Amino acid sequence: MSFIHFNADRCDLCGKCIDTCPFNALSMAEHGVVVNENCRMCSLCVKACPNNAIYFEQKAGAVDKSEWKDFLIYAEQENGSIHPVTFELIGEARKMAAKIGYKVNCLIIGGKGTVENANELLDYGVDEVFVYEHEGFDGFKADCYTDAAADCISKIKPSSVLIGATSLGRSLAPRLSTRFHTGLTADCTALDIMPNSDMVQIRPAFGGNIMAQILIDDARPQFATVRYRIMDRAEKVSHPTGKVTVCNATDDMTRSRIRVISRAILEKKKAIEDEDIIVAIGRGVKNEEGIAMCEELARLLGGTIAFSRPMVEKGIGTVARQIGLSGHTVKPRLIITCGISGAIQFTSCMSGAETIVAINTDPKAQIFSVATYCINDDLYSVLPRLIHDLKSRKGEL
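Fair warning: this is a prediction, and the values are worked out from it, not measured in the lab.

Caption draft 1: The environment of Ala-186, seen in detail. The residue Ala-186 is located in strand β11 (residues 184-188) in this model. Judged by its relative accessible area of 34%, Ala-186 is partly exposed. Separated by 23 residues in sequence, Ala-186 and Ile-163 have C-alpha atoms that sit 9.4 Å apart. Once residues within four sequence positions are removed from consideration, Ala-186 is found in contact with Arg-203 and Thr-225.

In C-alpha cells, the structure reads:
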C-alpha cells in the first residue's frame, strides 16, 4: 500500500535512496528497490535520487481489502497490569466479528511479565495474542512500540485495529496510521461493521451537533481509538481456545532515540472514570450555595462531584473532573445531573450510566431524552429535600 513508486526505466539501482533513508524503509529486492511499512514519506529518497526515478502517488483504492482480515486489539499495560479499556475493546470487537466471521486477536508489548498478562486475555474469547516481550520495552517509548506494532500488523494484516484512547493510545495510534498510510478515527463512541468489512466509526462532529459515521473504505487497516468506559466489558468464556504467540522482539525494535533519565510512579488518585456515584454540576448551578448542596448530596451518597465544560471554563472545577468530549467519559451506577441542558458533547460521555437522574427547569432540556428519571423543577428546591431525606435516613438530623 506504499505511495512511493520507482520508475524502472530511470532507476539504475545505485542504492543511494537506500543509504539515505533514516528509517530503513527501503531495501534491494530481486526486481529492484522495495519499500516497507517504516516509510514516513519524508521524501529524502526522492531528493537523493540522481535520476529522478522516485515519485509519490497517493492513489485511493489501491489496497486489496480481501488480504486484510480480522480484528487486532492493542492490549495496553499500565503498571504491570492490563488496562481495563482493553477488555471493553475485546467485547466490542467480538460483537462485530460475529457478524462477518472474523477472529479477534490481541497485540501486547512490554517488558518482563508481558507473556503472563497475555495468557489472561485468552479468558475473554480472544483467538490469538501476539506478544513482544523485551526488557527494552520496559516503559513506553513511542518509537519502539510503533516499530513492534507495525511489525505485527504488517505480518498478520488485520482489517481493523482498535486502540484505547488513553495517553499511550493517543500517541501510538496516529503513528501507526501514518506508517500504513491509512485513516484513523479518534475517540469513537460507537462502532459497527458492514458486510464488506468496512468498519462504521461513530463519533460526534461539528462541535457535537451531529453524530458522524466515518468509513475508511479505500485503505487498510482501519484504525480507531475508543475511550475508556464507553463500551461494555467483554465477558469471560467458559472454555478458552485461543493461543499465545511470542514474536521476535529484536534489539533494533527496542533501540530508541528517547533516553529515560529517571522514572517515578505517581501516587494514583481515584479517577472520575472509576467513580460509581457522580453528582454533575452544570450552568444551572449559579452560586456557591448550589455547589455546596451538590457537594453535600455527593457526600451523603458516597460519591463525588463532576462538572460540565461551561463550568470548567468559568473556573469552577477542573478538567480532571470534567465530563464531556474535551474531558472524561464516565459510566457510573448512578449520576445525578444538576442544571445541565444535555448537549451531545456531554451526554455522549455519560449516557452509559446505569441510572441517570436529571434535574432541570426546562421541560424540553435534551438531558431528559437520556435520563432514567426526569425532575422538571428548580434544583434549589429539589436538592434541599433530597439532602434532608438522606440525612434523616442516615440519622444525621
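Caption draft 2: Seen up close, the packing of helix α5 (residues 142-156) against helix α6 (residues 167-179). For the pair α5 and α6, interaxial distance at closest approach is 10 Å and the crossing angle is 50°. The angle between α5 and α6 falls in the class oblique. Of the two possible hands of crossing, α5 and α6 adopt the one that is right-handed. Counting all contacts with α5, which are made through Ala-142, Asp-143, Tyr-145, Thr-146, Asp-147, Ala-149, Ala-150 and Ile-153, the residues of α6 involved are Ser-171, Leu-172, Arg-175, Leu-176 and Arg-179. Of the residues contributing to the contact of α5 with α6, the split by class is seven nonpolar, two polar and four charged.

Caption draft 3: Spotlight on the pattern of salt bridges. Within this structure, the stated rule accounts for 20 salt bridges. In this structure, Lys-99 engages Asp-192 in a salt bridge whose closest nitrogen and oxygen atoms are separated by 2.7 Å. Of this pair, Lys-99 sits in helix α3 (residues 85-100) while Asp-192 sits in strand β12 (residues 190-193), and the two are 93 residues apart along the sequence. Here Lys-391 ties to Glu-296 by a salt bridge, and the two come within 3.2 Å at their closest N and O atoms. Of the two residues, Lys-391 is situated in helix α11 (residues 379-394) and Glu-296 in helix α8 (residues 288-301); the sequence distance between them amounts to 95 residues. Residue classification places Lys-391 among the partly exposed positions, given a relative accessible area of 23%. One network of salt bridges, with partners in common, ties together Glu-92, Lys-95, Asp-232 and Lys-331.

Caption draft 4: Spotlight on the pairing of strand β20 (residues 355-360). Along β20, five of the six residues are buried, which leaves the element largely enclosed by surrounding structure. Two elements, strand β19 (residues 334-338) and β20, share five bridges in a ladder whose sense is parallel. When the bridges of β20 are listed, Ile-335 appears paired with Ile-356. In the sheet, β20 pairs with strand β21 (residues 373-376) via four bridges, with the strands oriented parallel. In the sheet register, Ile-359 faces β21, and the bridge partner there is Ile-375.

Caption draft 5: Focus on the nonpolar core. Grouped together as the largest cluster of nonpolar side chains are 33 residues, with contacts concentrated most on Val-129, Leu-162 and Leu-191. Listed by contribution, the elements that provide at least two residues to this core are β5 (71-74), α3, β8 (104-110), α4 (114-121), β9 (128-133), β12 and β15 (222-226). Beyond its immediate chain neighbours, meaning those up to four positions away, Leu-162 contacts Leu-72, Ile-73, Tyr-74, Leu-89, Ala-93, Met-96, Leu-191, Met-199 and Ala-224. If you look at the next biggest cluster of nonpolar residues, it comprises 27 residues, including Trp-68, Ala-148, Cys-152 and Ala-173.

Caption draft 6: Region of the structure containing the sheet that holds β21. Pairing within the open sheet is parallel, and its five strands lie in the order β18-β17-β19-β20-β21. Only two strands of the sheet have a single neighbouring strand rather than two, namely β18 (304-307) and β21. Here the average twist between neighbouring strands, direction ignored, is 20°. Helix-sheet contacts for α8 involve β17 (277-281), β18 and β19, and the interaxial angle to β17 is about 175°. The sheet contacts of α11 involve β19, β20 and β21, and relative to β20 the element is tilted by about 130°.

Caption draft 7: Expanded view of unusual backbone geometry. In this chain, Arg-220 is followed by Pro-221 through a cis amide linkage whose omega measures 0°. Counting through the fold element by element, Pro-221 comes out in the loop between β14 (210-214) and β15. Phi is positive for Asn-24, close to 55°, though the residue is something other than glycine. Here Asn-24 shows up in the loop between α1 (16-20) and β2 (26-29).

Caption draft 8: Up close: the pairing of strand β3 (residues 32-35). With four bridges connecting them, β2 and β3 associate as antiparallel partners. Residue pairing for β3: Ser-27 is matched across the bridge by Val-34. Following β2, the chain reverses through two residues before pairing antiparallel with β3.

Caption draft 9: Representation of the sheet that holds β11 in the model. The strand order across the open sheet built from seven strands is β11-β15-β10-β5-β8-β9-β16, with neighbouring strands paired in parallel fashion. Each of the sheet's edge strands pairs with one partner strand only, and the pair in question is β11 and β16 (243-246). Adjacent strand axes in the sheet meet at a mean angle of 20° when their direction is disregarded. In terms of strand pairing, β11 meets β15 through three bridges, oriented parallel. Within the sheet, the bridge partner assigned to Thr-185 lies in β15 and is Ala-224. Strands β5, β10 (160-164), β11 and β15 of the sheet are contacted by α6, whose axis makes an angle of about 155° with β10.

The rules behind these values
Residues numbered from 1 in each chain as written. Predicted model: local features only at pLDDT ≥ 70, side-chain atom pairs only at ≥ 80, totals over all residues. Heavy atoms only, no water. Helix = DSSP H or I, 4+ residues; strand = E, 2+ residues; numbered from the N terminus. Buried < 20%, exposed > 50% of the residue type's maximum accessible area, 1.4 Å probe, protein only. Contact = heavy atoms within 4.5 Å. Axes fitted to C-alpha atoms, helices over the stretch in contact; angles between N-to-C directions. Parallel < 35°, antiparallel > 145°, perpendicular 65-115°, else oblique. Left-handed = near helix turned anticlockwise from the far one by under 90°. Nonpolar A, V, L, I, M, F, W, Y, C, P; charged D, E, K, R; others polar. Salt bridge = Lys/Arg side-chain N within 4 Å of Asp/Glu carboxyl O. Pairing = 2+ DSSP bridges. Core = buried A, V, L, I, M, F, W, Y, C linked by side-chain atoms within 4.5 Å.

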